[in-house]
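Observations on the model geometry
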Amino acid sequence: MKQTRIIIIAKAPIPGFCKTRLAPAIGTEAAARLAGRMLRDTVDAACSASVGPVELCVTPGLDVFDWPSLNLPASVVWSDQGDGDLGARMGRAALRAVDAGEAVLLIGTDCPGLDAAVLRNAAAALSDHDATMVPTADGGYALLGLARFDALVFADMPWSTDAVATLTRQRLQQLGWRLHNLPTLHDIDEPADLRHLPARWQAELPAPYPSEPSCT
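Here's what I pulled together on the structure shown here.

To continue, consider the environment of isoleucine 14. Mapping isoleucine 14 onto the fold places it in the loop between strand S1 (4-11) and helix H1 (23-26). Judged by its relative accessible area of 27%, isoleucine 14 is partly exposed. With sequence-adjacent residues up to four places away left out, isoleucine 14 is seen in contact with Ala32, Pro60 and Phe65.

And the structure:
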């Protein structure tokens, strides 16, 4: 069985740079604090999964943002996302791992439900599948695992739309790859998504924050 590398595609928790779609509801500072919390929670889950190395692939790079100030585990490997759209950046990271003889789990930092157990299940699926996916309710995915690489998986993808997961599945089918689908989870991108945060996190958000729609 191949070693599985977890690569976390991460934005620095800088006010006005990350979680901008949440800012109108909770403010830029609170949005950045929440982004930082989700990033640290994602790193903790990846390390706890114990399936292989954990790599934080970041933007902006180490020469621009003080990433060590986040006090993340010393075992985390750092890399720079580089230029290009999300597909180009994810593709480079995935290819680097696959070329090194590893399977890879590509994840973001937006999904609190992506815990160590889900990561272990995804890694295990790659022992007899070419790919594994954790779709999200908005039509994207929180995790894409690959045991092999093809640029088709990432090229010319309409990122941040509800077509991403469906198109990715279609492309994997076109390649003749075996895909293992895991249960759908929720990303935290829009104000309405805040209700999917753990209750203890919701309690720390500035009031008012979006809740379930009223019938009145």
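Still to come is the rest of the account.
Glancing now at the packing of aromatic side chains. Under the criterion given, the structure shown has 4 aromatic pairs. Aromatic pair phenylalanine 65 and tryptophan 67: ring centres 5.1 Å apart, planes at 80 degrees, arrangement edge-to-face. Overall, the relative accessible area of 0% leaves tryptophan 67 in the buried class. Each ring, one from tyrosine 141 and one from tryptophan 159, has its centre 6.5 Å from the other, and the planes form 80 degrees; the classification is edge-to-face. Of this pair, tyrosine 141 sits in strand S6 (residues 141-146) while tryptophan 159 sits in the loop between S6 and helix H5 (164-175); the two residues are 18 residues apart in sequence, bridging distant segments of the chain.

In a disulfide, the sulfur atoms of two cysteines are held together by a covalent bond. On inspection of all chains with the given rule, the structure shows 0 disulfides. Cysteine 57 forms no disulfide, and the closest cysteine sulfur to it belongs to cysteine 47, at a distance of 16 Å. With relative accessibility at 2%, the residue cysteine 57 sits in the buried group. Cysteine cysteine 111 is unpaired, with the sulfur of cysteine 18 as its nearest cysteine sulfur at 17 Å.

Attention shifts here to the layout of surface pockets. Its boundaries defined by the atoms lining it, the largest pocket holds a volume of some 1100 Å³. Looking at the largest pocket, it is lined by 42 residues, and the ones nearest its centre are Arg21, Asp110, Ser160, Asp187 and Asp189. If you list the elements that add at least two residues to the lining of the largest pocket, you get S1, helix H2 (28-49), helix H3 (86-99), strand S4 (103-107) and S6. When the residues that make up the lining of the largest pocket are grouped by side-chain class, the tally is 19 nonpolar, 11 polar and 12 charged.

Parameters at a glance
- Residues numbered from 1 in each chain as written.
- Predicted model: local features only at pLDDT ≥ 70, side-chain atom pairs only at ≥ 80, totals over all residues.
- Heavy atoms only, no water.
- Helix = DSSP H or I, 4+ residues; strand = E, 2+ residues; numbered from the N terminus.
- Buried < 20%, exposed > 50% of the residue type's maximum accessible area, 1.4 Å probe, protein only.
- Contact = heavy atoms within 4.5 Å.
- Phe/Tyr/Trp six-rings, centres within 6.5 Å; stacked < 30°, edge-to-face > 60°.
- Disulfide = S-S within 2.5 Å.
- 1 Å grid on protein atoms, 1.4 Å probe; cavity = no way out; pocket = protein on both sides within 12 Å on 5 of 7 lines; lining within 4 Å.
- Points joined across faces, edges and corners; volume = space filled by probe spheres on them.
- Nonpolar A, V, L, I, M, F, W, Y, C, P; charged D, E, K, R; others polar.

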